[in-house]
Protein chains: 2
Amino acid sequence: MTRRTGRRPGNPDTREAILDAARTTFADRGFDSASIRAIAGAAGVDPALVHHYFGSKDQLFLTAMNFPVDPAQLVPTVLAGDRDGAGERLVRTFLGVWDSPAGSAAQALLRSAVSNEWTARLLREFVTTQVLRRVLEQLDVDPAQLPLRGSLVATQMIGLAMMRYVVRLEPVASAAPETLVATVGPTIQRYLTGPLPA
Amino acid sequence: MTRRTGRRPGNPDTREAILDAARTTFADRGFDSASIRAIAGAAGVDPALVHHYFGSKDQLFLTAMNFPVDPAQLVPTVLAGDRDGAGERLVRTFLGVWDSPAGSAAQALLRSAVSNEWTARLLREFVTTQVLRRVLEQLDVDPAQLPLRGSLVATQMIGLAMMRYVVRLEPVASAAPETLVATVGPTIQRYLTGPLPA
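Since the structure is predicted, the reported quantities are computational estimates derived from the model, not experimental observations.

What follows concerns the overall build of chain A. Of the regular secondary structure elements, chain A holds 10 helices and 0 strands. Along the longest, intermediate and shortest principal axes, the C-alpha atoms of chain A span 50 × 35 × 30 Å. Relative to its 198 residues, chain A shows a buried fraction of 54%. Here the analysis covers contacts within chain A between residues at least 6 apart in sequence; of these, 69% occur between residues at least 24 apart. Accessible surface computed for chain A: about 8700 Å², of which carbon and sulfur atoms make up 53%. Averaging the positions of the 21 positive and the 19 negative side-chain charges in chain A gives two centres separated by 3 Å.

Structural data, given as structure tokens:
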């Protein structure tokens with residue numbers, strides 16, 4: 001979770017100025033190239049203050065994007081177990097977030113990504129480089145195939161979220177999570193570790 | 001294609017009144033229950049005039065929704081060939097539409113479905129009952145499984161469209177169509193004809 005750290009919120013104007021600067025800088029430069037220093041500069045504050053308010057660059061990004069959960073906390077869950085079960089665990093973990101109270105924030109983010117090129121660009125970069133590739137790097141597949149595998153996983157998972165939570169297509173919308181784990185899990189497993197065409 | 005029939009367009013006000021009535025009636029009653037008679041009544045015209053301007057209820061729906069192609073023309077392409085190749089043919093046919101000039105209309109429709117509950121409801125009903133089930137009915141699978149199979153296909157295909165054309169996630173966005181046919185085709189095939197959990 002990205003919101004409640006127990007820390008006092010600090011000056012709301014300064015916090016908002018940093019978040020605005022972060023959104024602009026991430027959008028202009030992408031996640032990797034946007035530095036805390038550049039964001040602090042755009043907000044007119046000291047970089048130490050950015051770290052003080054938001055912690056790491058990941059945390060700042062998640063807060064600026066209203067991310068419902070910290071994906072870094074979910075990656076170990078997906079990886080905990082045998083390699084051949086990773087697809088099912090990924091689907092189960094993903095549905096766990098969307099079916100939880102955090103799901104409404106996830107839906108809002110997805111809708112925003114569809115209508116807003118800026119959100120779409122940041123989301124795709126963050127999810128692929130910070131989440132999916134972290135999972136894939138642990139699964140011992142050809143590194144040259146990571147981008148294609150990661151983006152194939154994204155097609156299935158985003159489509160599942162769209163149909164279940166936004167378009168509400170039955171019976172996927174009301175299906176028990178384990179039904180989707182059993183049907184979609186093998187797809188994800190094949191995208192993660194199965195053979196790809198040359 | 002739904003737009004140019006060679007027929008004269010008729011009175012533009014009357015045409016628009018019928019299309020407005022169609023959108024409202026389809027939204028209120030769903031595709032199956034909305035009759036040409038009810039739509040004509042809502043538009044204050046004779047049902048024969050609706051048929052004269054728009055042909056069948058399918059055609060009226062496609063025109064009212066700004067559908068880029070008539071799916072009925074695509075179904076035979078997907079079915080033309082062996083059963084085990086249906087998944088790949090479905091992906092190839094789908095990408096053929098989206099990669100064609102009609103693709104921009106398809107994108108607009110997808111974006112609209114995300115932001116508009118009404119469009120989403122009609123789209124999901126039409127695509128599942130008029131397109132996917134027509135394909136599935138020809139593939140000799142348990143009729144009780146048709147809705148789940150159809151909606152699983154929808155999750156993957158809509159997610160593919162989202163990532164390739166809206167979010168533009170690489171390398172899926174720039175991949176050769178045949179790469180996606182080879183990677184996503186087996187997923188669709190499994191959803192169409194593979195074993196499902198009890």
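Turning our attention to the relation of the copies chain B and chain A. Take chain B, turn it by 180 degrees, move it 0.0 Å along the axis, and it overlays chain A with an RMSD of 0.1 Å. Such a combination of turn and shift is consistent with a two-fold rotation axis. Among all residues of chain B, the minimum C-alpha distance to the rotation axis is found for Gly159 of chain B, at 1.8 Å. Take the interface residues of chain B: 100% of them recur as interface residues in chain A, which is what a same-surface contact looks like.

Residues and elements named next belong to chain A. Here chain A is partitioned into domain 1 (12-64) and domain 2 (71-193). Placing the centre of domain 1 and that of domain 2 at their C-alpha centroids yields a distance of 26 Å. Facing the 11 residues of domain 1 at the interface are 8 residues of domain 2. Its largest share of buried area at the contact with domain 2, domain 1 owes to Ala27, Phe31 and Phe61, together 51% of the area lost on that side. Two residues, Arg134 and Asp58, come together in a salt bridge whose shortest N-O distance is 3.3 Å. In this assembly, domain 1 and domain 2 are joined by 1 residue pair in polar contact (both at pLDDT 80 or more). Contributing elements (two or more residues each) for the side of domain 1 that touches domain 2: helix H1 (12-33) and helix H4 (57-64). Here the side of domain 1 that touches domain 2 gets 8 residues from one element, more than from any other, and that element is H1. Of the residues that constitute the side of domain 1 that touches domain 2, the class distribution is 5 nonpolar, 2 polar and 4 charged.

So, how was this worked out
Residues numbered from 1 in each chain as written. Chains lettered and ligands numbered in written order. Predicted model: local features only at pLDDT ≥ 70, side-chain atom pairs only at ≥ 80, totals over all residues. Heavy atoms only, no water. Helix = DSSP H or I, 4+ residues; strand = E, 2+ residues; numbered from the N terminus. Buried < 20%, exposed > 50% of the residue type's maximum accessible area, 1.4 Å probe, protein only. Contact = heavy atoms within 4.5 Å. Areas by Shrake-Rupley, 256 points an atom, 1.4 Å probe, with all protein chains shown as cover. Lys, Arg positive; Asp, Glu negative; His and termini not counted. Charge placed at Lys NZ, Arg CZ, Asp CG, Glu CD. Least-squares fit on C-alpha atoms with pLDDT ≥ 70 in both. Domains from an automatic or database assignment. Buried area = accessible area lost by both parts, 1.4 Å probe. Salt bridge = Lys/Arg side-chain N within 4 Å of Asp/Glu carboxyl O. Polar contact = N/O pair within 3.5 Å; in protein donor to acceptor, adjacent residues only side chain to side chain. Nonpolar A, V, L, I, M, F, W, Y, C, P; charged D, E, K, R; others polar.

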